[in-house]
Amino acid sequence: MFVFAWQFGLGTHPRPGSFLPAMLMVAAFTVFGLGLLGAAQRTIPPLRRRLRARRYRHRRLLASAQAEERCRLTMDELCPFGWRADITVRSGPADPTAEEPGAEGMRVSLEWTARGPAADPTPRQIWAPSVTAAFEAMLADRITEETLAQIELQALSEGAEWPES
């Protein structure tokens, strides 16, 4: 402490009567440190909350994008001749008086069609609360359709008429 005071010219080496400047310097550094600590306590927690919220939002968007990409890749495997989807996102709150089949809380409409020689050309429409949920519902619909087609082929190969009357 005394060396620091000597470097800034607050006094020379300790001698009788030079104790007061050193104590004033200790008090000044204590007040400065407490002020710095108080400022840090006011600014760091909100900053950490903001960074945490940004990180959470980034993770949620990344997970959504990855789920959507997985659905697209799986649909590409299930529809070897291709598929087409039209996504419509409604803005604002859902209107419960609307005539649409998924009006209550559903904001995304996904209409999709599989392409190919054996594909049904009828477009299918799915309502969901988000784009990712719509893609997952479309994927579940296509998997169900594929499973039913395999069951039908197996039944026909065993000699059963499909559907049995």
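Model, not experiment: these values are computed from the prediction.

Draft legend 1. Broad picture of the packing of aromatic side chains. Inspection of every chain in the model, using the stated rule, returns zero aromatic pairs. The positively charged end of Arg 124 is found above the aromatic ring belonging to Trp 112, 5.0 Å away from the centroid.

Draft legend 2. Representation of helix 3 (residues 131–157) in the model. Along its 27 residues, helix 3 runs 39 Å from first to last C-alpha, staying within 8% of the 39 Å computed at 1.5 Å per residue. Within the sequence span of helix 3, burial applies to Thr 132, Ala 134, Phe 135, Met 138, Leu 139, Arg 142 and Ala 155. Looking at the buried positions of helix 3, the neighbouring elements they touch are helix 2 (19–78), strand 1 (83–89), strand 2 (108–114) and strand 3 (124–128). Directly after helix 3, the chain includes Gly 159, whose backbone phi takes a positive value near 95°.

Draft legend 3. Structural context of the packing of helix 2 against helix 3. Between helix 2 and helix 3, the least distance of the axes is 9 Å, while the angle of their chain directions is 25°. In terms of orientation, helix 2 and helix 3 fall into the roughly parallel class. Here helix 2 and helix 3 pass one another in a crossing that is left-handed. Of the residues in helix 3, those touching helix 2 at Ser 64, Ala 67, Glu 68, Cys 71, Arg 72, Thr 74, Met 75 and Leu 78 are Val 131, Thr 132, Phe 135, Glu 136, Met 138, Leu 139, Arg 142, Ile 143 and Glu 146.

Draft legend 4. Spatial organisation of the side chain of Arg 124. Inspection of the secondary structure assignment puts Arg 124 in strand 3. At a separation of 2.8 Å, a polar atom in the side chain of Arg 124 contacts the side chain of Glu 145.

Cut-offs used in this document
All residue numbers refer to positions counted from 1 along the written sequence of the respective chain. Predicted model: local features are reported for residues with pLDDT of at least 70 only, side-chain atom pairs are reported and counted for 80 or more only, and whole-chain, interface and lining totals are derived from all residues. Where side-chain values are given, they derive from all heavy atoms of the structure, hydrogens and water being excluded. Each aromatic pair joins two rings of Phe, Tyr and Trp (for Trp, the six-membered one) with centres within 6.5 Å, and gets the label stacked for planes under 30 degrees apart, edge-to-face for over 60, and tilted for any other angle. The rule is short: NZ of Lys or CZ of Arg within 6 Å of the ring centre and within 35 degrees of the ring normal puts a charge over the ring. Helix numbers and strand numbers start at the N terminus; a helix is a DSSP run of H or I with at least 4 residues, a strand a run of E with at least 2. Helix span is expected to be 1.5 Å times the residue number reduced by one. The rule is simple: take the accessible area with a 1.4 Å probe, protein chains only, and divide by the maximum for that residue type; under 20% is buried, over 50% is exposed, in between is partly exposed. In what follows, residue pairs with any heavy atoms lying within 4.5 Å of each other are defined as contacts. Note on geometry: axes are C-alpha line fits, over the in-contact stretch for helices, and angles between N-to-C directions span 0 to 180 degrees. Comment on the angle field: the value is read as roughly parallel under 35 degrees, roughly antiparallel over 145, roughly perpendicular from 65 to 115, and oblique elsewhere. Here a crossing is called left-handed whenever its near helix is offset anticlockwise from the far helix by less than a right angle, and right-handed whenever the offset is clockwise. Any N or O atom pair separated by 3.5 Å or less is treated as a polar contact, with the protein-specific requirement of one donor-capable and one acceptor-capable atom, and with residues adjacent in sequence counted only for side-chain atom pairs.

Keep in mind these values describe shape, not function.
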